[in-house]
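# Observations on chain architecture
Take a look at the letters that make up each chain.
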Amino acid sequence: MNAKTTFRFSLMGLLVSAVFASGAAMAQATTDTAVPGHPRVNEVNQRLDNQQNRIQNGVKDGQINAKQEARDEKHDSNIAQRESADEAKHNGHLTKQEQHNLNKSENKNSRRIHRQRTH
């Protein structure tokens, strides 16, 4: 193996490790965090949890490779960050428009995950 290939494998290993660490942190942050009286927040969080589970099941079944997993995790992380920023603007609530925008992004990710797992 040449140095370039070794570097690529090392970089990919580091990336996969970071994804697993962020995925575990995200799973801990969203597990059983139902916010009473905040159905929009709860819905978005539940969808993120479901997608996280679908990604992990795809990896376990060999339907999703490490590169696809990293990309999907990055997209879900971006949605979670946008949700947190939106909640911060409205004292822990999401407006209907913010929920709509987050759901639109989640729908796109959901379709991508589905395509990866069925092809």
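First, a word on what this report is: a plain description of the structure on this page.

The rules we used
- Residues numbered from 1 in each chain as written.
- Predicted model: local features only at pLDDT ≥ 70, side-chain atom pairs only at ≥ 80, totals over all residues.
- Heavy atoms only, no water.
- Helix = DSSP H or I, 4+ residues; strand = E, 2+ residues; numbered from the N terminus.
- Areas by Shrake-Rupley, 256 points an atom, 1.4 Å probe, with all protein chains shown as cover.
- Buried < 20%, exposed > 50% of the residue type's maximum accessible area, 1.4 Å probe, protein only.
- Salt bridge = Lys/Arg side-chain N within 4 Å of Asp/Glu carboxyl O.
- Expected span 1.5 Å × (residues − 1).
- Polar contact = N/O pair within 3.5 Å; in protein donor to acceptor, adjacent residues only side chain to side chain.
- Core = buried A, V, L, I, M, F, W, Y, C linked by side-chain atoms within 4.5 Å.

Within the protein chain, the regular secondary structure consists of 4 helices and 0 strands. Walking the protein chain from its N terminus toward its C terminus, one meets helices and strands in the order α-α-α-α. Accessible area for the protein chain stands at about 7,600 Å²; split by element, carbon and sulfur atoms hold 55% of it.

What follows concerns unusual backbone geometry. Of note, the phi angle at Asn91 is positive, near 50°, even though the residue is not glycine. Counting through the fold element by element, Asn91 comes out in the loop between helix H3 (66-89) and helix H4 (96-118). Exposure remark for Asn91: the relative accessible area of 71% places this residue in the exposed category.

What follows is about the pattern of salt bridges. Under the criterion given, the structure shown has 3 salt bridges. When the shortest N-O distance is used, the salt bridge between Arg47 and Glu106 registers 3.4 Å. Remark: Glu106 occurs in helix H4 and Arg47 occurs in helix H2 (residues 39-61); sequence separation between them is 59 residues. Given a relative accessible area of 0%, Glu106 falls into the buried group.

For the rest of this paragraph, the subject is H3. Between its first and last C-alpha, H3 extends 35 Å over 24 residues, near the 34 Å set by a 1.5 Å rise per residue. Every buried residue belonging to H3 is among Glu69, Ala70, Asp72, Glu73, Asp76, Ile79, Ala80, Glu83, Asp86 and Glu87, and all of these are buried. N-capping of H3 is provided by Asn65, with a side-chain oxygen placed 3.0 Å from the backbone N of Lys67. Where H3 ends, the next residue or the one after it, Asn91, has phi of about 50°, a positive value.

Bringing the nonpolar core into the picture now. By size, the foremost hydrophobic cluster in this structure holds 7 residues: Val41, Val44, Leu48, Ile79, Ala80, Leu94 and Leu102. Contributing elements (two or more residues each) for this core: H2 and H3. With 3 residues, the single largest contributor to this core is H2.

Treat this as a map of the structure, not an account of what it does.
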